[in-house]
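Spelled out from the first residue to the last, the chains are:
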Amino acid sequence: MTSTTQRRQDFWLWRLLATGVAFTMFGLGGVLLRVLVFPPQRLFPGSKLDRQRRARWALNGTFRLFIRFMVRVGILTVEFKGADRLGKPGQMILANHPSLLDVVFLVGHVKNANCIVKHGLATNPFTRGPIANAGYITNDESFDMFDRAADVLRNGETLIVFPEGTRTPPNALPQFHRGACAIALRGARIVTPVVIQMNPRSLTKGEPWYRIPPCRMRYVIQVGDDIDPATWSSAHPLPIAGRKMNAWLHAYFEAELARLAPAGSLMNEQSPKAMEVESKRDE
């Protein structure tokens, strides 16, 4: 039987300390941006959109440095495939949400991107400054939120969306709300799926930061092919188009997560929907 000592591999104690430092840095970084960076940026001339672009530039650079720190100290590894295809005008980036760090990876790799974030983060003292200054859209599930999200896409912004609304539970597949498809069908020029596979799973909802895995987290982030929302909107009324698009995305993500999963893992066992998507791709 494997002992506790054997299970805790890969410089476990060092990773625990480094993770604590990283969480502290993240919290302090949000406060320092709010107090020291964003106020001077607002003194420069320009419109509200110019101020938002400057704030997003600061967040993009800060998150890039934060990712580099986590990699250098051995908390995680990350392989981002196809990041250069993100950031197009009117592009909705649609990603699954296995961990707390997913938004950091995407905002850190996509310059001047807008993002739909949880409503509670807009009142959190560590995150409300960055969210407000960057002009991110808070998900209060109102009709106004859907209108604002569709408007930013029609105006040529890139929009990052996590359609699950929360982090994926352990040993489960993503379950998307149809709201993301409703936004895409109303405003997106293209939709680009981004599949985030991490192993071992950690930083899930409700999991404390100090419950680190036995080895460093390994992220593989795969950018998929662009999807034209008109594939569904031109063939069906919007409510039906949204349901069909959402079902297609579910099957796509199931297939891709199974393909990227380590051999022998639960995610590696494909569902019938996932295998159907794979067979259609091979035809």
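Quick note: structure is the one above.
None of the values given here were measured: they were computed from a predicted structure. (Residues numbered from 1 in each chain as written. Predicted model: local features only at pLDDT ≥ 70, side-chain atom pairs only at ≥ 80, totals over all residues. Heavy atoms only, no water.)

(A) Just the packing of aromatic side chains, in detail. All chains considered together, the criterion is met by nine aromatic pairs. With a centroid separation of 6.1 Å and an interplanar angle of 15 degrees, the aromatic rings of Phe26 and Phe63 are classed as stacked. In this pair, Phe26 is assigned in helix H2 (residues 12–42) and Phe63 in helix H3 (residues 48–72), connecting sequence segments 37 residues apart. Classification of Phe26 as partly exposed rests on a relative accessible area of 35%. (Phe/Tyr/Trp six-rings, centres within 6.5 Å; stacked < 30°, edge-to-face > 60°. Helix = DSSP H or I, 4+ residues; strand = E, 2+ residues; numbered from the N terminus. Buried < 20%, exposed > 50% of the residue type's maximum accessible area, 1.4 Å probe, protein only.)

(B) Seen up close, helix H7 (residues 179–187). Taken across its nine residues, H7 has seven buried, putting it largely inside the fold. If you check which residues of H7 are buried, you get Gly179, Ala180, Cys181, Ile183, Ala184, Leu185 and Gly187.

(C) Main features of helix H6 (residues 143–154). With twelve residues, H6 ought to run about 16 Å at 1.5 Å a step, and its terminal C-alpha atoms sit 17 Å apart, in line with that. Within H6, the full set of buried residues consists of Met145, Phe146, Ala149, Ala150, Val152 and Leu153. Taken end-on, H6 shows its buried residues confined to a sector of 160 degrees, consistent with a single buried face. Residues of H6 that are buried in the fold lie against strand S2 (91–95), strand S3 (113–118), strand S4 (137–139), strand S5 (158–161) and H7. Directly after H6, the chain includes Gly156, whose backbone phi takes a positive value near 95 degrees. (Expected span 1.5 Å × (residues − 1). Arc of directions from axis to C-beta. Contact = heavy atoms within 4.5 Å.)

(D) Structural view of unusual backbone geometry. At the junction of Asn199 and Pro200, the peptide bond is cis and its omega measures out at -5 degrees in the coordinates. You can see Pro200 is positioned in the loop between strand S6 (190–199) and strand S7 (217–223). If you check the backbone angles, Asn112 has positive phi at about 55 degrees while not being a glycine. Note on placement: Asn112 falls in the loop between helix H4 (102–109) and S3. With a phi close to 55 degrees, Leu203 is a non-glycine residue in the positive phi region. Residue placement: Leu203 occurs in the loop between S6 and S7. Residue classification places Leu203 among the buried positions, given a relative accessible area of 7%.

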